[in-house]
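This is what each chain is made of:
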Amino acid sequence: MLNLFRIPVLRVLGRKMYHKVVKYREVYISHLLSPDKIVLGGIFKGMKYPVFESFGSGLLTKLLGSYEDELHPALQKFSKNQYSDIIDIGCAEGYYAVGSALLFPQAKVHAYDIEESAISLCRKMATVNETINRTLLKRKCDRATLLNFQFEGRGLVICDCEGYEKELFDKEVAKSLKSCDVIIELHEGLASGIKGQIEQAFNETHDIEFVKSKLKSVRDYSLLSKLPVEYQQDQYLIERDTAQEWAVISSRVY
């Protein structure tokens, strides 16, 4: 059988066709890796995907459990906390929203995304993982949302909103989140100076650690042995090819 995935000439068919083939390849390898659509490793091991689809980022690394695993130590540390409310800004298909609902079974998760298709996928994911009763799906989260949010107890905020974090977080917002732990993905290319802004906003009320993405190798993930050899070094399993940084911000109240 001719393996179209290995033919570089597909690029000449045009960007749109090429991306369709790349997407099909990812779904194909995802099915080989986890035919039951279950996350195989990492902090959210056991979480189920309703369909072979993610929103805005690769599916393979999520099923493998390697997706942003630089944050796993922080999430493991936070897992000892009793959160009443979790806010996920830019929830996409629900990797962190539903994962957090599973990790913190006592918490309500407020999942925000401006894209209706992302909210639809998140709803399906919350349903299949039986967390829909604690997953509140909402559209836009702005600065006023954070300033006026009524936390019932300790809170956790997870933010990945493609540069909009520059509009969200300042000293006033940080003070309103003084009883919250916060994880923010920083998009320096879209929000110049954001690292300094976040540090200045939270330094009076929180402890701040900056976490950088790391180079990854197929040798780091034994679960790749589930795949045929020709797919074990696929670029989509190794994840990012650019540097990424997150701010992990811990409340001093607790």
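The present account deals with the structure reproduced in this document. (Residues numbered from 1 in each chain as written. Predicted model: local features only at pLDDT ≥ 70, side-chain atom pairs only at ≥ 80, totals over all residues. Heavy atoms only, no water.)

1. A short note on helix 4 (residues 95-103)
- With respect to burial, helix 4 is a largely interior element, 7 of its 9 residues being buried.
- For helix 4, every residue scored as buried is listed here: Y95, Y96, A97, V98, G99, S100 and A101. (Buried < 20%, exposed > 50% of the residue type's maximum accessible area, 1.4 Å probe, protein only. Helix = DSSP H or I, 4+ residues; strand = E, 2+ residues; numbered from the N terminus.)

2. Quick word on the sheet that holds strand 4 (residues 154-159)
- The mixed open sheet is built from 7 strands, whose spatial order is 3-2-1-4-5-7-6. With partners counted over all chains shown, the strands left at the sheet margins are strand 3 (135-138) and strand 6 (206-212), one partner each. Taking each pair of neighbouring strands and ignoring which way they run, the sheet shows an average axis angle of 15°.
- Strand direction decides the pairing type here: strand 6 and strand 7 (residues 245-251), joined by 7 bridges, are antiparallel. If you follow I208 over to strand 7, its bridge partner there is I249.
- Of the strands in this sheet, strand 1 (83-89), strand 2 (108-112), strand 3 and strand 4 are in contact with helix 4, which crosses strand 2 at around 180°.
- Sitting on the sheet, helix 5 (residues 116-128) touches strand 2 and strand 3, and the angle it makes with strand 3 is about 170°. (Pairing = 2+ DSSP bridges. Axes fitted to C-alpha atoms, helices over the stretch in contact; angles between N-to-C directions. Contact = heavy atoms within 4.5 Å.)

3. Re the side chain of E185
- If you trace the backbone, E185 turns up in strand 5 (residues 180-186).
- What makes E185 buried here is its relative accessible area of 5%.
- Polar side-chain contacts of E185 include one of 3.2 Å to the side chain of H187. (Polar contact = N/O pair within 3.5 Å; in protein donor to acceptor, adjacent residues only side chain to side chain.)

4. Some words on the packing of aromatic side chains
- Enumeration according to the criterion identifies 9 aromatic pairs in this entry.
- Taken together, a centroid distance of 4.5 Å and an interplanar angle of 50° make the contact between F149 and F151 tilted. For the pair formed by F149 and F151, the shared burial category is buried.
- Here a set of aromatic residues connected by ring pairs shows up, and it is made of F44, Y67, Y95 and Y96.
- The cationic tip of K62 hangs over the ring face of Y67; the distance from NZ or CZ to the ring centre is 4.7 Å.
- Here the basic side chain of K195 rests over the ring of F210, its NZ or CZ set 4.7 Å away from the ring centre. (Phe/Tyr/Trp six-rings, centres within 6.5 Å; stacked < 30°, edge-to-face > 60°. Lys NZ or Arg CZ within 6 Å of the ring centre and 35° of its normal.)

5. Describing the pairing of strand 5
- When you tally the buried positions in strand 5, you get 7 out of 7 residues, the bulk of the element.
- Here strand 5 shows two buried faces, one formed by C180, V182, I184 and L186 and the other by D181, I183 and E185.
- By the bridge criterion, 5 bridges tie strand 4 to strand 5 in an arrangement that is parallel. Each bridged residue has a counterpart across the sheet, and for G155 the counterpart in strand 5 is C180.
- Here strand 5 pairs with strand 7 via 5 bridges, running antiparallel. Within strand 7, the position partnered with V182 by the bridge is I249.

6. Side note on the pattern of salt bridges
- Here the structure, examined in full by the defined rule, presents 9 salt bridges.
- The closest approach of N and O atoms between E152 and K108, which form a salt bridge, is 3.3 Å. Taken together, the positions of E152 in the loop between helix 6 (143-148) and strand 4 and K108 in strand 2 put the pair 44 residues apart, joining distant regions of the chain.
- Put simply, E116 and R139 hold a salt bridge, and the shortest N to O gap is 2.9 Å. One end of the pair, E116, is in helix 5; the other, R139, is in the loop between strand 3 and helix 6, and 23 residues separate them in sequence.
- Each member of the salt-bridge network shares a partner with another, and the members are R143, D170 and E172. (Salt bridge = Lys/Arg side-chain N within 4 Å of Asp/Glu carboxyl O.)

7. Observations regarding empty space enclosed by the protein
- As enumerated under the stated definition, the model contains 1 cavity of 30 Å³ or more in all.
- Considered as a void within the structure, the largest cavity measures approximately 40 Å³ in volume.
- Around the largest cavity, the lining residues are E68, L71, Y96, I158, C159, D160, I183, E185 and W246.
- Within the residue set of the lining of the largest cavity, elements represented by two or more residues are strand 4 and strand 5.
- For the lining of the largest cavity, the residue count by class is 6 nonpolar, no polar and 3 charged. (1 Å grid on protein atoms, 1.4 Å probe; cavity = no way out; pocket = protein on both sides within 12 Å on 5 of 7 lines; lining within 4 Å. Points joined across faces, edges and corners; volume = space filled by probe spheres on them. Nonpolar A, V, L, I, M, F, W, Y, C, P; charged D, E, K, R; others polar.)

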